[in-house]
Amino acid sequence: MNERRLKQKRRVITDHCDFLSFPTAEFSIGKPFRSSVRRFLSHHTHLTLPSSLSPTLVTWQMLLQLKSFDGELGLSSTKMALDIIEENVIRTRSSIYCIQCRLFGWSEHPVCRKRYHFIIRADSSEPFQRPCSRCANPVQLTEASRCKCCNSAITINEIEDWLYLQIEYNNTHLLHGVVHSNGYGHLLTLNGREGGSKFLSGSDIMGFWDRLCVALSVRKVGVMDFSRKFGLEYRLLHAITNGCSWYGNWGYEFGTGSYALTQDVYQKAVKTLSSLPLPSLLVQGRGARTRLQSVIFLYQSLATTALETIQDLFCFLLTFISKPHKILMTKTSQEHPSTNTCNVLCAWTRNDVEKVQQAIVEVLLALGASKEENWVSWRALKGAVSKGAASLDLVDYGLKHLGGKLAPNGMVVFSRCNPISNAVEFRLGLLSNALDGSSAISSHPSEEQVISDFRFLIDSIVCPDKMASNAPQIVRKLVADSVTKILDCKQFVKDYKPEKVAAGLHPAIRLWCSVELSDQPRDPPTPPPELIILRVNATLDDLKSAVTSVFQEVYVMYKKFQAEKLPEFGSVDDSYTLKFLLGTSGSVRIQGTCPTKYGLSRFRMEKGTEAWKVDCPCGAKNDDGERMLECENCGVWQHNRCTGIDDSDDIPLHFVCLRCIDSNDIMCVCACPSPLDLFLL
């Protein structure tokens, strides 16, 4: 008996799906999210907390494995748990409204009945656990939870408290995505190695989330991009190097911009910044070379291709940090004395390069640079040999490939990056020291130095508050405007287009049905179309019944909804065969009624019932997540920044917008107020 149980246990473990490949594309069956998620839960998860224990938050769990190869231990496997929490919106203790929907333009969707939370916790332990309130010992949350240490029972309220801590904004999760029952979702949290993940990179987690959304027929997912890398705003850095946000690698595109920014404005700012020539930032007089110039010149000297723009420079640095062996591969092959032939296609002959390099070696000999402490900078050597050279570019080329050059008396040229000044320096040393490995011919910057230099370049080039002052004013303004516009665009959306997946599946009638309420002509909710799948010989009555059932299932407000007619087709008998009327695919508009009794009116829209108006001078008409002020006179909301108040400033006790001031339409004004007093009453 024990042996049999052991074998069963082993079989379950080996059946865990691979995190890096699950779910596969074959899982998607072309059904809408509301059906796909039920199928997923029944096929791949086990119930951990049933509705009898937590009627508001029903939870499932799926165990995944991450295979990795360790040189010493061989193939190893790490288990992690995907927790799925089904939130009943009617009974929830959280807000029934979705702030994220408001930010992504989905605020007029009716409130959905359910929200599905997909979570990978940082600890990723198999069971749900929480500390015992009495002794703090970890207790597994089950229907009969008791602390093994002090035998105290865990109450339902304690379990629900812990669950709400998981689904409310928790930035420690490796992954937290939520999808409404209508298939619209939000990626709330994603943390890779920099965010505390021990085994998974951000790309690993994002790839899993993307495959999961495809498998579940999710319709659209929005994400607020606050990602950071090396302590920098990654949406800015990635836009410069790749032309899009990091989420764009998985098909996320510009959604909505803050301050009424459009996609065209965003793309123009990205193009302007990434294509900015480096020489425009390096204007200098006759003084000493600045640190900015030294750092840029250092990496230009290390690159095998020309670094001409900000994009070229930042791409090189990112590659240098993540894959230094690729950057240095060509350099290393040239550093060995026997292979340094300078056989590189260029504008000069081999003899031209050899002549310049020989002149540089003679300068090193004359300066006594054969001692370890006698390093000579690139700039000094260039100045010493430039008069006799055909061009300064030829001198730079010769210096770039000087490391490993043979010199008289058994000497060879060594090169290094000075960690203090960032200057590239050269000296002569014994060839025997290079061959036996006691001295490296070239010493490249460490990863720590490259990251430090990268941060310095970000501050000096694209940080408006810290930009180098030696750049021309027009360039500084151009950079500052472009950076501000890129950083003001945080909302990115992916449209998974599930209708394309459904198009090539087994024969059936697939209709995207839009619903209109004939009994609510004013300010009606606007639910997105729902996919209805019927048998090929279905009738019009079957369609009405299916639409009624689906909208009642998906939306709280539609509890009493009844589909009645197709307004575009007039009076058609309910027994009419549907495919002869509409075909087997397409879209159709259906009219119906929906009594708003029973307190259902508060579920009309995700934006809530509060009526408030945004009308900012920047052009914004909707909430975009930025800080705003309400005019005490007209009740209109405007951005802090657009009213001249910095986000870091304290909010004034009283505020009246300029529109009311200019129109003299102020209800109560102090005697002889100044313009500033009117602005901040």
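Reading the values: rules and limits
- Residues numbered from 1 in each chain as written.
- Predicted model: local features only at pLDDT ≥ 70, side-chain atom pairs only at ≥ 80, totals over all residues.
- Heavy atoms only, no water.
- Axes fitted to C-alpha atoms, helices over the stretch in contact; angles between N-to-C directions.
- Helix = DSSP H or I, 4+ residues; strand = E, 2+ residues; numbered from the N terminus.
- Parallel < 35°, antiparallel > 145°, perpendicular 65-115°, else oblique.
- Left-handed = near helix turned anticlockwise from the far one by under 90°.
- Contact = heavy atoms within 4.5 Å.
- Nonpolar A, V, L, I, M, F, W, Y, C, P; charged D, E, K, R; others polar.
- Phe/Tyr/Trp six-rings, centres within 6.5 Å; stacked < 30°, edge-to-face > 60°.
- Buried < 20%, exposed > 50% of the residue type's maximum accessible area, 1.4 Å probe, protein only.
- Pairing = 2+ DSSP bridges.
- Right-handed = clockwise from strand over helix to strand, strands pointing away.

## With respect to the packing of helix H12 (residues 378-385) against helix H13 (residues 392-400)
Packing of H12 against H13 brings their axes to within 10 Å, and their N-to-C directions diverge by 135°. Here H13 runs oblique to H12, going by the angle between their axes. Our pair here, H12 against H13, has a crossing hand that is right-handed. Each of Trp378, Leu381, Lys382 and Val385 in H12 lies in contact with H13, whose residues at this interface are Leu392, Val395, Asp396, Leu399 and Lys400. Its residues assigned to classes, the contact of H12 with H13 comprises six nonpolar, no polar and three charged.

## Describing the packing of aromatic side chains
Scanning the model with the defined rule gives 23 aromatic pairs in all. Centroid distance tryptophan 246 to tyrosine 247: 5.1 Å. Interplanar angle 75°. Geometry classified as edge-to-face. Taken together, a centroid distance of 5.8 Å and an interplanar angle of 65° make the contact between phenylalanine 316 and phenylalanine 320 edge-to-face. With phenylalanine 316 and phenylalanine 320 both in helix H9 (residues 310-322), this residue pair falls four residues apart, about one helical turn.

## Focus: the pairing of strand E10 (residues 220-224)
The element E10 is largely enclosed, with a buried count of four among its five residues. Summarising the sheet, strand E9 (residues 184-190) and E10 pair through four bridges and their orientation is parallel. Residue pairing in the sheet places glycine 185 in a bridge with valine 221 of E10. As for the winding sense of the linkage, the β-α-β connection from E9 through helix H5 (residues 202-215) to E10 is right-handed. Taken together, the five bridges between E10 and strand E19 (residues 491-495) define a ladder with antiparallel strand orientation. For glycine 222, the partnering residue across the bridge sits in E19 and is valine 493.

## Digging into the environment of leucine 103
Tracing the backbone through its elements, the reader meets leucine 103 in helix H3 (residues 99-103). Exposure remark for leucine 103: the relative accessible area of 9% places this residue in the buried category. Put simply, leucine 103 and glycine 625 are 522 residues apart on the chain and 6.3 Å apart in space, counted from C-alpha to C-alpha. Apart from the residues within four sequence positions on either side, leucine 103 is in contact with Met224, Thr256, Gln491, Asp623, Asp624 and Gly625.

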